[in-house]
Amino acid sequence: MNAMPNNRQWTLAARPVGMPKESDFALVETPLPALADGQVLAHAKFLTVDPYMRGRISGMKSYAKPVEIGETMVGGAILEVVESKNPKFKAGDMVDVYSGWQEYVVSDGGNMRKVDTNLAPASAYLGVLGMPGLTAYFGLLDVCNPQTGETVVVSGAAGAVGALVGQIAKIKGCHVVGIAGEDDKVKYLTAELGFDGAFNYKTTDNYPAKLKELCPKGIDVYFDNVGGPITDAIFTNLNTGARISVCGQISQYNNTKMEMGPRLFGALIVYRAKVQGFLVSDYAKRFTEGVTAMAGWIKEGKLKYRETFVDGFDNTPKAFIALLNGANTGKMLVRL
Ligand code: NAP
Ligand code: FER
């Protein structure tokens, strides 16, 4: 047997206050156990950094257990099998594992799912064909049921989830407007992804007026990735029977004090609107349906996706912080 390499892991060193800092994470090196019969050794090729990780390190009570100080950061990854003593896997297989911020995994294979690299490049299974893609698919179609001719607005529109939400809404024949934080992202949405309109929330003063201009028939569906003042503005331009899918609230994740905004629930009465939060994991039984649909649209050229790569395992905390600062277009990934 070959000598086992050392593993390296990014652990949580301190609970961040506000925007996370690199010093909130610590790199540790640990030896790997010798491979036993039935086990697989795999090496990470892509790690995903996602906004929900901010919640996991906050220590607040939520839908999932927090990462404790000293524990390895959680998260999805695509790994390549290096050595296998398990008949179900062979060297070279690409596998999807929820193994977190570490370079190597030794496993009995129970937590490893082979990915089909003939269907899509391996990294796509952390984005368009993975958790963010399924979030877009079910959070839009199941929660909001958008109809042909309706107006759909999505915030966080140039990110992993948002860029897919807008394109799925276009596939469904909707008028689609995206909100993002850079002029290049706004251009990407309208020039490359076929959004009907988009604006930069960082350089636009009057969100309600901009929404009225870009949504002349009012808003039927709002897919909320961000919360805060952008979401407040949506309530000024709703149509009767509007549906709002609350996917994320990233504008609030680094707050050290609860933000107090306008109280807008009156609009829900006036417009008989529905607001629903959801977790992608609520749809676990239907993931195959979602992946099949998304893969089909990619093949037909109806669904495009981008990835922003940060190279090097050592840069994983940097990539996470950059994601929270909006450095990504499409899915933010670490490439090893
Ligand atoms: P993403 O959009 O690829 O990346 C995060 C983006 O958020 C950044 O690129 C940045 O873009 C934007 N952002 C950062 N601070 C902001 C602020 N103060 N106001 C407005 N936008 C801000 O991330 P993602 O993976 O696709 O996730 C998008 C949202 O979906 C997140 O809120 C996440 O928590 C949520 N989510 C929920 C579920 C679920 O099951 N409910 C599953 C997956 C994701 P700009 O340049 O545009 O600012
Ligand atoms: C999950 C449910 C929700 C999950 C991630 C999320 C990694 C993300 C939630 C968010 O960004 O708010 O099972 O698995």
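Quick notes on the rules
- Residues numbered from 1 in each chain as written.
- Chains lettered and ligands numbered in written order.
- Predicted model: local features only at pLDDT ≥ 70, side-chain atom pairs only at ≥ 80, totals over all residues.
- Heavy atoms only, no water.
- Helix = DSSP H or I, 4+ residues; strand = E, 2+ residues; numbered from the N terminus.
- Rg over C-alpha atoms; globule rule 2.2 N^0.38 Å.
- Buried < 20%, exposed > 50% of the residue type's maximum accessible area, 1.4 Å probe, protein only.
- Contact = heavy atoms within 4.5 Å.
- Areas by Shrake-Rupley, 256 points an atom, 1.4 Å probe, with all protein chains shown as cover.
- Near = heavy atom within 4 Å.
- Polar contact = N/O pair within 3.5 Å; in protein donor to acceptor, adjacent residues only side chain to side chain.
- Nonpolar A, V, L, I, M, F, W, Y, C, P; charged D, E, K, R; others polar.
- Salt bridge = Lys/Arg side-chain N within 4 Å of Asp/Glu carboxyl O.
- Expected span 1.5 Å × (residues − 1).
- Pairing = 2+ DSSP bridges.
- Axes fitted to C-alpha atoms, helices over the stretch in contact; angles between N-to-C directions.
- Core = buried A, V, L, I, M, F, W, Y, C linked by side-chain atoms within 4.5 Å.
- Right-handed = clockwise from strand over helix to strand, strands pointing away.

Caption draft 1: A look at the overall build of the protein chain. Counting secondary structure elements, the protein chain contains nine helices and 15 strands. In terms of overall dimensions, the protein chain is globule-like: its C-alpha atoms have a radius of gyration of 21 Å, near the 20 Å expected for 336 residues. Across its three principal axes, the protein chain shows a C-alpha extent of roughly 70 × 45 × 35 Å. A total of 336 residues make up the protein chain; the buried ones form 52% of that total. Restricting the contact set of the protein chain to residue pairs at least 6 apart, pairs at least 24 apart contribute 67%. Of the roughly 15,400 Å² of accessible surface on the protein chain, a fraction of 53% belongs to carbon and sulfur atoms.

Caption draft 2: How the structure looks around the site of ligand 2. In the vicinity of ligand 2, the residues found are Y52, Y63, Y253, L279, V280 and S281. Between ligand 2 and the protein, one listed contact pairs an oxygen atom with a side-chain N or O atom of S281 at 3.3 Å. When ligand 2 is considered free in solution it has 370 Å² of accessible area, and contact with the protein chains removes 75% of it. Here the residues of the shell around ligand 2 are counted per class, giving five nonpolar, one polar and no charged.

Caption draft 3: Summary view of the pattern of salt bridges. A complete count under the given rule lists 19 salt bridges for this structure. Note that E80 is salt-bridged to K45, the shortest N-O span being 3.8 Å. One end of the pair, E80, is in strand 4 (residues 77-84); the other, K45, is in strand 3 (residues 40-48), with 35 residues separating them in the sequence. In this structure K45 comes out as partly exposed when scored by relative accessible area, which is 24%. Taking the shortest distance from any N to any O, the salt bridge between K65 and E71 comes out at 3.8 Å.

Caption draft 4: Structural context of helix 3 (residues 160-171). When the terminal C-alpha atoms of helix 3 are compared, their 17 Å separation across 12 residues agrees well with the 16 Å that a helix rising 1.5 Å per residue should span. The buried fraction of helix 3 amounts to nine of the 12 residues, a majority that puts the element mostly inside the structure. Turning to helix 3, its buried residues are V161, G162, A163, L164, V165, G166, Q167, I168 and A169. Where helix 3 is buried, its residues meet helix 2 (131-144), strand 8 (151-155), strand 9 (175-180), strand 11 (219-224) and helix 8 (287-299). G173, located one to two residues past helix 3, shows a positive phi value of around 85°.

Caption draft 5: How the structure looks around the sheet that holds strand 10 (residues 197-200). Strand order in the open sheet made by the six strands is 10-9-8-11-12-13, with parallel pairing throughout. Two strands bound the open sheet, and with one partner strand each, they are strand 10 and strand 13 (274-277). Averaged over all neighbouring strand pairs, the angle between strand axes comes to 15°, with direction disregarded. Of the pairings in the sheet, the one linking strand 11 to strand 12 (residues 238-246) comprises five bridges and is parallel in character. Residue pairing for strand 12: F223 is matched across the bridge by S245.

Caption draft 6: Quick look at the nonpolar core. Counting 48 residues, the largest nonpolar core has I78, L140, I168, L189 and M294 as its most contacted members. Mapped by element, the contributors of at least two residues to this core are helix 2, strand 8, helix 3, strand 9, helix 4 (183-192), strand 11 and helix 8. Counting residues per element, this core draws most heavily on helix 2, at eight residues. With near-sequence residues (within four places) excluded, M294 lies in contact with V128, L129, G133, Y137, L164, I168 and L303. Membership of the second largest hydrophobic core comes to 31 residues, among which are A42, M73, V81 and L324.

Caption draft 7: Here's a closer look at the side chain of H43. Relative to the helices and strands, H43 resides in strand 3. Once residues lying within four places of it in the same chain are set aside, the contact partners of H43 are I78, L79, E80, V82, E103 and Y104.

Caption draft 8: Local environment of the site of ligand 1. Close to ligand 1 lie 26 residues, the nearest being K185, Y201, Y253, V280 and N328. Between ligand 1 and the protein, one listed contact pairs an oxygen atom with a side-chain N or O atom of Y201 at 2.5 Å. In the model, a nitrogen atom of ligand 1 is placed 3.0 Å from a nitrogen or oxygen of the C247 main chain. Compared with its free state, where it exposes 910 Å², ligand 1 has 89% of that area covered by protein. Of all the secondary-structure elements, those providing two or more residues to the shell around ligand 1 are helix 2, helix 3 and helix 9 (316-324). Residues of the shell around ligand 1, tallied by class, amount to 15 nonpolar, 10 polar and one charged.

Caption draft 9: Layout of the environment of V40. Along the chain, V40 falls in strand 3. In sequence terms V40 and C174 are 134 residues apart; their C-alpha atoms lie 47 Å from each other. Ignoring any residue separated from it by four or fewer positions in sequence, one finds V40 in contact with L35, V81, E83, S84, N86, F89, V105, V106, S107 and M112.

Caption draft 10: Inspection of the pairing of strand 9 at higher detail. Within strand 9, five of the six residues are buried, which leaves the element mostly enclosed by the surrounding structure. Direction of pairing for strand 8 relative to strand 9: parallel, over a ladder of five bridges. Bridge pairing in strand 9 links V154 to G178. Between strand 8 and its parallel partner strand 9, the chain crosses via helix 3, and the hand of that crossover is right-handed. Sheet topology note: the strand 9/strand 10 ladder contains four bridges and is parallel. Across the sheet, the residue bridging to I179 is F199, located in strand 10. On the question of chirality, the crossover connecting strand 9 to the parallel strand 10 by way of helix 4 is right-handed.

Just geometry here; none of it tells us what the structure is for.
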